[in-house]
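Residue-level listing of the chains:
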There are 2 protein chains.
Amino acid sequence: MVELVKIAVDAMGGDEAPGVVVQAVVEALKASDKIKVFLVGQENAVRSELSKYEYPQERLEVVNATEAIEMAEPPATAIRKKKDSSIVVAMKMVKSGQCDAYVSAGSTGANLVGGQALVGRLPGVRRSPLAPLIPTAKGVSLLIDCGANVDAKAGDLVQFAKMGSIYMENIMGVKNPKVGIVNIGAEEEKGNALVKETFPLLRECQDINFVGSVEARDIPAGDVDVMVCEAFVGNVILKMYEGVGSTLIKEVKAGMVSNTRSKIGALLVKPALKETLKKFELDQYGGAPMLGLNGLVVKTHGSASVTEVKNSILQCIDFTEQHISEKIQAALNAGA
Amino acid sequence: MVELVKIAVDAMGGDEAPGVVVQAVVEALKASDKIKVFLVGQENAVRSELSKYEYPQERLEVVNATEAIEMAEPPATAIRKKKDSSIVVAMKMVKSGQCDAYVSAGSTGANLVGGQALVGRLPGVRRSPLAPLIPTAKGVSLLIDCGANVDAKAGDLVQFAKMGSIYMENIMGVKNPKVGIVNIGAEEEKGNALVKETFPLLRECQDINFVGSVEARDIPAGDVDVMVCEAFVGNVILKMYEGVGSTLIKEVKAGMVSNTRSKIGALLVKPALKETLKKFELDQYGGAPMLGLNGLVVKTHGSASVTEVKNSILQCIDFTEQHISEKIQAALNAGA
């Protein structure tokens, strides 16, 4: 018998928890028979949501955790004090080896702090980056790091490049993924102090396919598979993506119904346009993995849809089956 | 008689120089009788372009400069060695007081280096930021700094905030402009080391209307008039704006003509859509000013259209008539 991938899911995380999370878990269990889910949260609330659905009961366990960490709480304090919160209880199940992976739509800060403090980094990993996939004209690219470690050092960025390469090659099936460093110009002498220090280190790496600088302007085109950057910059890129995209789409839609002639046109255009814009929706790609930990931590949006949470759960299967953590550890400890 | 605003224009800068530049100068001269333009560049080429147009000859002078600085040249070396280049000659006309302002679509690097080295900073100005206006859902906001000074210090960012406020209030007519610092979260404790150090300094400034952090996601909404950031981050924001916008618009257009039904719809929608997207085109706002120098330096895109270059020239009028440089100097030397 094949061993199931065991996933701890934070039932209390996200704007519409536990409802959205419970529904997503049920859908994930139906979509794949390779997983067993441990739903961690306030038992009564979780069971009440669960009672709405039919699902394979032998692959679901509810684990009671009486506390919940709110979005606005200071992360480090919350993780330290709320020992019976869903995040803390679920993360400890990964640390102990009871689960392979963890998924949460809860507080980003608490998940980032908890990932490093409770799940813990693999030996040799300096910092654990948050690495979302972002949609591009050619498919998706990995943006690494995106919020976990502001003020990173050059050595951290080199590790991010290696971890990102392994992820894209093994999970996304990109052969010899192209790695670029986010920069403000194409030439090697461009950049701030951090980029100038990191660039030659990346060029010397034997185990990645470093292609040089990638300007922010070229990110949406998708010419590079792994985009390495410091977390403050990565966060700005991710948020700009969301902000510019949603503002433009809103304006385009409003513009289309601004008069009768174009209202009729809008009706005709709508199905094709919907198909096009789907490519640029973040939720079909699931959440962002934190790489380099003792088990997979996936952080998905607080406003995540059922589809996004479901996909975040399903992405844990490949991660575990492909032994990404082991590959990362081997690569970091073999190289420079 | 009212004194004319005297503007040195780099005739050799930009992808299609001198053609585009000369045409833009002619249109600017026709659009406003408040300006006199000094067209600096290779005289034969400039005069040959000029011969195509009718224009008020008494408000145009051609100044010969035999060299041109190419986009790919190392900026500092080019400025030092090419003493008879259009950029160097034109900038010196500002430094000497012969001109009030300068406009170029040439090498960003050479213009930034030249601005600081040849035109020179006003007394008390630590660094001179490049500050483009970016289109938002509510109009435009100033993004400062956007490429002139990577690895800036907290004290630099405080000056940027003051300069940006003066610009938005006096040039764009925004009363008591809202100033935000670009950050990765809304709370004061969020951010990297630079932002954490700068935040309390901005809060203490009496002469600006500081409203706190602005997340990149909220930039396109336009809730803040002046967005302060370090240049690497600012450059990424600007380039993401261009990249995401153009990729999305391209995909939307392609999606619309993907089948017959939507092709017909696209025809009906087109005029309204064009009107909407116009708001998000960068060229109607002219180029980006470098603030805090002994005269105005305006850098416009290498690929700038005739309209963008023309608007860059016309924006020098308000800047000079409103005595922005004097106001900046007074504010920086009065305050903390």
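The structure presented is a predicted model; accordingly, all values stated were derived computationally and were not measured.

## Focus: the overall build of chain A
Then, in step 1: Helices and strands together make up the secondary structure of chain A, namely 11 helices and 11 strands.
Then, in step 2: Radius of gyration (C-alpha) of chain A: 21 Å, near the 20 Å computed for a compact globule of 336 residues.
Then, in step 3: When burial is assessed residue by residue, chain A has 59% of its 336 residues classed as buried.
Then, in step 4: In chain A, 71% of the contacts between residues at least 6 apart in sequence involve partners at least 24 apart.
Then, in step 5: For chain A, the accessible area works out to roughly 13500 Å², and carbon and sulfur atoms hold 51% of it.
Then, in step 6: Each charge sign in chain A was given a centre, from 37 positive and 40 negative side chains, and these centres are 2 Å apart.

## A look at the interface of chain B and chain A
Interfaces are often described in size by the accessible area the parts lose on coming together.
Then, in step 1: The interface is formed by 52 residues belonging to chain B together with 52 residues belonging to chain A.
Then, in step 2: The closest approach of N and O atoms between A:Lys239 and B:Glu215, which form a salt bridge, is 2.8 Å.
Then, in step 3: The set of elements that each furnish at least two residues to the side of chain B that touches chain A consists of strand E7 (178-183), helix H7 (193-204), helix H8 (231-256) and helix H9 (260-278) of chain B.
Then, in step 4: Considering each element in turn, the side of chain B that touches chain A owes the most residues, 19 residues, to H8(B).

## Let's talk about the environment of B:Ala137
Then, in step 1: Within the secondary structure layout, B:Ala137 lies in the loop between strand E5 (133-136) and strand E6 (139-144).
Then, in step 2: The sequence separation of B:Ala137 and B:Ile181 amounts to 44 residues, and the corresponding C-alpha distance is 19 Å.

## So, the confidence of the model for chain A
All names here are of chain A.
Then, in step 1: The share of residues in chain A with pLDDT of 70 or more is 96%, and the mean pLDDT across the chain is 90.
Then, in step 2: The element-level mean pLDDT for chain A is lowest in helix H9 (residues 260-278), coming to 73, with strand E2 (residues 35-41) highest at 98.
Then, in step 3: Interface confidence for the predicted complex, expressed as ipTM, amounts to 0.84; the pTM equals 0.87.

## Description of the packing of aromatic side chains
All names here are of chain B.
Then, in step 1: Overall, the coordinates contain 4 aromatic pairs over all chains when judged by the stated rule.
Then, in step 2: Ring centres of Phe 199 and Phe 210 lie 5.1 Å apart, and the angle between their planes is 80°; this geometry places the pair in the edge-to-face category. Taken together, the residues Phe 199 in helix H7 and Phe 210 in strand E8 (residues 209-215) connect sequence positions 11 residues apart. We note that Phe 199, like Phe 210, is buried.

## Side note on the sheet that holds E8(B)
All names here are of chain B.
Then, in step 1: Here we have 5 strands laid out as an open sheet, ordered E5-E6-E9-E7-E8, and mixed in their pairing. Each of the sheet's edge strands pairs with one partner strand only, and the pair in question is E5 and E8. Neighbour to neighbour, the strand axes of the sheet diverge by 30° on average, direction disregarded.
Then, in step 2: Sheet contacts for helix H6 (residues 154-170): E5, E6, E7 and strand E9 (226-228); angle to E6, the most-contacted strand, approximately 150°.
Then, in step 3: Sheet strands touched by H8: E5, E6 and E7. Its angle to E5, the strand with the most contacts, is close to 45°.

## Comments concerning empty space enclosed by the protein
Then, in step 1: Using the criterion set out here, one finds 2 cavities of 30 Å³ or more in the structure.
Then, in step 2: What the largest cavity holds in volume is close to 40 Å³.
Then, in step 3: Surrounding the largest cavity, A:Leu248, A:Ile249, A:Val252, B:Leu248, B:Ile249 and B:Val252 form its lining.
Then, in step 4: For the lining of the largest cavity, the secondary structure elements donating two or more residues are helix H8 (231-256) of chain A together with H8 of chain B.
Then, in step 5: Here the lining of the largest cavity is built from residues that sort into 6 nonpolar, no polar and no charged.
Then, in step 6: The wall of the second largest cavity is formed by B:Val9, B:Asp10, B:Gly13, B:Val21, B:Val103, B:Ser104, B:Ala105, B:Thr300 and B:Val309.
Then, in step 7: Secondary-structure elements contributing two or more residues to the lining of the second largest cavity are strand E1 (5-10) and strand E4 (101-104) of chain B.
Then, in step 8: Tallied by class, residues from the lining of the second largest cavity come to 5 nonpolar, 3 polar and 1 charged.

## Topic: the pattern of salt bridges
Then, in step 1: Within this structure, the stated rule accounts for 23 salt bridges over all chains.
Then, in step 2: Between A:Glu321 and A:Lys34 there is a salt bridge, with the nearest N and O atoms lying 3.5 Å from each other. Here the residue A:Glu321 occupies a position in helix H10 (residues 306-321), and A:Lys34 occupies one in the loop between helix H1 (19-31) and E2, the gap between them amounting to 287 residues.
Then, in step 3: A residue is classified by how much of its surface remains accessible, and A:Lys34, at 40% relative accessible area, is partly exposed.
Then, in step 4: In this structure, B:Lys6 engages B:Glu3 in a salt bridge whose closest nitrogen and oxygen atoms are separated by 3.6 Å.
Then, in step 5: Three or more residues joined by partner-sharing salt bridges are found here, namely A:Arg126, A:Arg127 and A:Asp156.

## Concerning the sheet that holds strand E10 (residues 288-290) of chain A
Residue and element names in this part refer to chain A.
Then, in step 1: The strand order across the open sheet formed by 6 strands is E3-E2-E1-E4-E11-E10, and the pairing between neighbours is mixed. Of all strands in the sheet, those bounded by a partner on one side alone are strand E3 (60-64) and E10. For this sheet, the mean inter-axis angle between neighbouring strands, taken without regard to orientation, is 25°.
Then, in step 2: Contacting strand E1 (5-10), E2 and E3, H1 runs over the sheet at an angle of about 170° to E2.

## Considerations on helix H10 (residues 306-321) of chain B
Residue and element names in this part refer to chain B.
Then, in step 1: Relative to the 22 Å expected for 16 residues at 1.5 Å per residue, H10 spans 24 Å between its end C-alpha atoms, a close match to the ideal helical length.
Then, in step 2: When we look at burial in H10, the residues that qualify are Val 306, Glu 308, Val 309, Asn 311, Ser 312, Ile 313, Gln 315, Cys 316, Ile 317 and Phe 319.
Then, in step 3: Of the residues trailing H10, His 323 is marked for its positive phi of about 50°.

## Let's talk about the packing of helix H4 (residues 86-95) of chain B against helix H5 (residues 108-119) of chain B
Residues and elements named next belong to chain B.
Then, in step 1: At a closest axis distance of 9 Å, the pairing of H4 and H5 adopts a crossing angle of 35°. Crossing of H4 over H5 shows right-handed handedness. Residues Ile 87, Val 88, Met 91, Lys 92, Val 94 and Lys 95 of H4 touch H5, and the partners they reach there are Ala 110, Asn 111, Gly 114, Gly 115, Leu 118 and Val 119.
Then, in step 2: When its residues are assigned to classes, the contact of H4 with H5 shows 7 nonpolar, 3 polar and 2 charged.

## Points about the relation of the copies chain B and chain A
Then, in step 1: Relative to chain A, chain B is turned by 180° and slid 0.1 Å along the rotation axis, the superposed coordinates differing by an RMSD of 0.1 Å. The operation mapping one copy onto its partner corresponds to a two-fold rotation axis. The rotation axis passes nearest to the C-alpha of B:Gly265 in chain B, at a distance of 1.8 Å.
Then, in step 2: Both copies present the same face, since 100% of the interface residues in chain B are matched by interface residues at the equivalent positions in chain A.

## A closer look at a positive patch on the surface
Residue and element names in this part refer to chain A.
Then, in step 1: Side chains of Arg 80, Lys 81, Lys 83 and Lys 92 sit close together on the surface and give a patch of like positive charge.
Then, in step 2: Its place among the elements puts Lys 92 in helix H4 (residues 86-95).
Then, in step 3: Taking relative accessible area as the criterion, Lys 92 reaches 44% and is therefore assigned partly exposed.

## Some thoughts on the nonpolar core
Then, in step 1: Judged by nonpolar contacts, the single largest core of 172 residues is most densely connected at A:Leu39, A:Ile219, A:Ile313, B:Leu39, B:Ile219 and B:Ile313.
Then, in step 2: Every residue in contact with A:Ile313, bar those within four places of it in the chain, is listed here: A:Ile7, A:Val9, A:Ala24, A:Val25, A:Ala28, A:Ile35, A:Val37 and A:Val103.
Then, in step 3: Membership of the second largest hydrophobic core comes to 27 residues, among which are B:Ile69, B:Met91, B:Ala288 and B:Met290.

Cut-offs and rules
Residues numbered from 1 in each chain as written. Chains lettered and ligands numbered in written order. Predicted model: local features only at pLDDT ≥ 70, side-chain atom pairs only at ≥ 80, totals over all residues. Heavy atoms only, no water. Helix = DSSP H or I, 4+ residues; strand = E, 2+ residues; numbered from the N terminus. Rg over C-alpha atoms; globule rule 2.2 N^0.38 Å. Buried < 20%, exposed > 50% of the residue type's maximum accessible area, 1.4 Å probe, protein only. Contact = heavy atoms within 4.5 Å. Areas by Shrake-Rupley, 256 points an atom, 1.4 Å probe, with all protein chains shown as cover. Lys, Arg positive; Asp, Glu negative; His and termini not counted. Charge placed at Lys NZ, Arg CZ, Asp CG, Glu CD. Salt bridge = Lys/Arg side-chain N within 4 Å of Asp/Glu carboxyl O. pLDDT = per-residue confidence, 0-100. Phe/Tyr/Trp six-rings, centres within 6.5 Å; stacked < 30°, edge-to-face > 60°. Pairing = 2+ DSSP bridges. Axes fitted to C-alpha atoms, helices over the stretch in contact; angles between N-to-C directions. 1 Å grid on protein atoms, 1.4 Å probe; cavity = no way out; pocket = protein on both sides within 12 Å on 5 of 7 lines; lining within 4 Å. Points joined across faces, edges and corners; volume = space filled by probe spheres on them. Nonpolar A, V, L, I, M, F, W, Y, C, P; charged D, E, K, R; others polar. Expected span 1.5 Å × (residues − 1). Left-handed = near helix turned anticlockwise from the far one by under 90°. Least-squares fit on C-alpha atoms with pLDDT ≥ 70 in both. Patch = residues over 30% accessible without salt bridge, like charges linked within 9 Å, V, L, I, M, F, W, Y side chains within 5 Å. Core = buried A, V, L, I, M, F, W, Y, C linked by side-chain atoms within 4.5 Å.

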